Amino acid sequence: MKVLVIGSGGREHALVWKLRQSPRVTQLYCTPGNGGIADEATCLAADVKNIDSLLALANQIRPDLTVVGPEVPLQLGVVDEFTKRGWRIFGPTKAAAQLESSKSFAKEFMQRHRIPTAHYAICNSMDEVEHSLAHFHAPLVVKADGLAAGKGVVICQAKDEVMSVCSEMLSGKTLGEAGARVVLEECLQGEEVSLLVLCDGERVVPMVAAQDHKRVGDGDTGPNTGGMGAYSTSTIIDEQMTQWLMHHVAQPVVTGMKAEGAEFKGILYCGLMMTARGPMVLEFNCRFGDPETQPLMMRLDSDLVDALEASVEGRVSSGNFRWSPDPSVCIVIASGGYPGTYEAGKKIIGLEEAAKVEGVKVFHAGTSKHDGAYLTAGGRVLGVTARAKDLQSAVDRAYEATAKIGFEGSHYRKDIAARAFKKS
């Protein structure tokens, strides 16, 4: 079968790598792809933020299955348009993707369906912000309502900081339309967990859990990023907690969306905070997470195509995934200046040496390839991912490989998965 993957990051490289292992896949395409993806799939040009461009490409190659990586095409309704034309595509419709594309929609939906989440207020103006602040204690979290590529969340230690951040967002200066409405939330304390769930409009099946590292610096310091690394082990949450989350979070989402006329198919990414009051939903995403997908694909022992088809065809069951008990770790190497401004076009060295480390796969995120050389082409450049019999060995392998890679200005966190060792 012919499979098309939409996107160009580390998540898409991991999906391409896993899809390529399926004996059922005969032709694999990616649009627009990146330097590393081009080694494993045919990369074709299209604008992922333009539905007509994606439709033209699909018309040309006629894929049997399309897999959507990033959130923007989902928000624009790519699933609706492909489905209308009889093309099978994995992901939620535009209406269902509002769970990610609008923070205010998600919060109100959770309230309607009694899904545990932080106390919040939705504000359209500075007057509303000022009025709402009386109902909160600092610290607070300010979230842009719309899609902001992982950069629309600010933790504020004082109320005057909340006013300043909201003023910037609402003015459109920092995030444009994404910040035209803001959500204020109480700041939850606890361990963050990412749980991705396969949905078919009615049923839900969990993937294994992962933990992301959002802050740019060691010890969870500095500004938020799209994610500087992640790890996955069978000890992040136990079977009992997984079932609780299916019953109290994932299933109510899918049942609630269907009841509201927006059937949810695809991946529901549940960003959770494990608080003293119990698990609370921080956010929903409507697609595979990045960088969580990289360690998850390393642990997946079954055929990814079969699972994606089960979602599209409405027959998700507990047999869709088979997981390795081995832990996995992903370390993101970023461009100098990321998550702020950075320069592209830096030559990357050491990739071949890194790939020789046992149990390691280097996923490309922001790269291009010219005259046989790989160059940086984004903020997050590579995701060095390793799997091993125990977490310490996986961490050691990942860092051994990371140390072999270099480009001007590169930086990465030195403490990925450190929290897991503190607990043990």
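Each value, and the rule that gives it
Residues numbered from 1 in each chain as written. Predicted model: local features only at pLDDT ≥ 70, side-chain atom pairs only at ≥ 80, totals over all residues. Heavy atoms only, no water. Salt bridge = Lys/Arg side-chain N within 4 Å of Asp/Glu carboxyl O. Helix = DSSP H or I, 4+ residues; strand = E, 2+ residues; numbered from the N terminus. Buried < 20%, exposed > 50% of the residue type's maximum accessible area, 1.4 Å probe, protein only. Pairing = 2+ DSSP bridges. Contact = heavy atoms within 4.5 Å. Axes fitted to C-alpha atoms, helices over the stretch in contact; angles between N-to-C directions. Phe/Tyr/Trp six-rings, centres within 6.5 Å; stacked < 30°, edge-to-face > 60°. Lys NZ or Arg CZ within 6 Å of the ring centre and 35° of its normal. Core = buried A, V, L, I, M, F, W, Y, C linked by side-chain atoms within 4.5 Å. Polar contact = N/O pair within 3.5 Å; in protein donor to acceptor, adjacent residues only side chain to side chain.

S.K.: Please explain the pattern of salt bridges as it appears in this structure.
M.R.: Charged atoms that come close allow side chains of opposite charge to pair. Within the structure shown, the criterion is met by 32 salt bridges. Across the salt bridge formed by Glu309 and Arg24, the nearest N and O atoms sit 2.8 Å from each other. With Glu309 in helix H11 (residues 304-312) and Arg24 in the loop between helix H1 (10-20) and strand S2 (27-32), the pair connects residues that are 285 residues apart, well separated along the chain. Close ionic contact of Arg419 with Asp220 constitutes a salt bridge, the shortest N to O distance being 3.1 Å. Linking Arg419 in helix H14 (residues 418-423) with Asp220 in the loop between strand S13 (215-217) and strand S14 (221-224), this pair joins segments that are 199 residues apart in sequence. For Arg419, a relative accessible area of 16% gives the class buried.

S.K.: Please explain the sheet that holds S2 as it appears in this structure.
M.R.: For sheets, the rule is that strands pair by backbone hydrogen bonds, running either parallel or antiparallel. Read from one edge of the open sheet, 5 strands run S3-S2-S1-S4-S5, paired in parallel fashion. A single partner strand is all that each edge strand has here, and the edge strands are strand S3 (42-43) and strand S5 (89-90). Pairing of strand S1 (residues 2-7) with S2, which is carried by 6 bridges, proceeds in the parallel orientation. Of the residues in S2, the one forming a bridge with Ile6 is Thr31. Its contacts with the sheet put helix H2 (residues 51-61) on S1 and S2, and the angle it makes with S1 is roughly 160°.

S.K.: Help me out: how do you make sense of the packing of aromatic side chains in this one?
M.R.: Describing an aromatic ring pair means giving the distance of the ring centres and the angle of the ring planes. Under the defined criterion, the tally for this structure stands at 6 aromatic pairs. A centroid spacing of 5.4 Å and a plane angle of 75° characterise the contact between Trp17 and Phe363, whose relative ring orientation is edge-to-face. Pair noted here: Trp17 is in helix H1 and Phe363 is in strand S19 (residues 360-364), with a separation of 346 residues, a long-range link. Neither Trp17 nor Phe363 differs from the other in exposure class; each is buried. Look at Phe82 and Trp87: their rings are 5.3 Å apart centre to centre, the planes differ by 75°, and that puts the pair in the edge-to-face class. Owing to a relative accessible area of 0%, Phe82 belongs among the buried residues under this scheme. The lysine or arginine in question, Arg112, covers the ring of Phe105, its NZ or CZ lying 6.0 Å from the ring centre. Geometry around Tyr412 places Lys414 over its ring, the cationic atom sitting 4.6 Å from the centre.

S.K.: Explain the nonpolar core here, please?
M.R.: Proteins that are soluble and globular tend to have nonpolar side chains buried together. Among the nonpolar cores identified, the biggest contains 58 residues, and Leu99, Val197, Met257, Leu268, Phe284, Val329 and Ile405 are the most heavily contacted of them. When residues in this core are grouped by element, the largest group, 7 residues, is from helix H9 (residues 239-259). Residues Cys30, Leu196, Val205 and Met297 belong to the second largest nonpolar core, which totals 39 residues.

S.K.: Which parts of the structure should I look at to understand H11?
M.R.: One full turn of an α-helix is made of 3.6 residues, so residues set three or four places apart face in the same direction. Within H11, 8 of the 9 residues are buried, which leaves the element mostly enclosed by the surrounding structure. Along H11, the residues that are buried comprise Leu304, Val305, Ala307, Leu308, Glu309, Ala310, Ser311 and Val312. Of the surrounding secondary structure, the elements contacted by the buried residues of H11 are H1, strand S4 (65-68), S5, strand S10 (191-200), strand S16 (265-275) and helix H10 (293-299). Regarding H11, its N-cap is Asp303, as a side-chain oxygen of that residue lies 2.9 Å from the backbone nitrogen of Val305 further along. Where H11 terminates, the next one or two residues include Gly314, which has phi positive at roughly 75°.

By themselves, these are just geometric observations and shouldn't be taken as functional.
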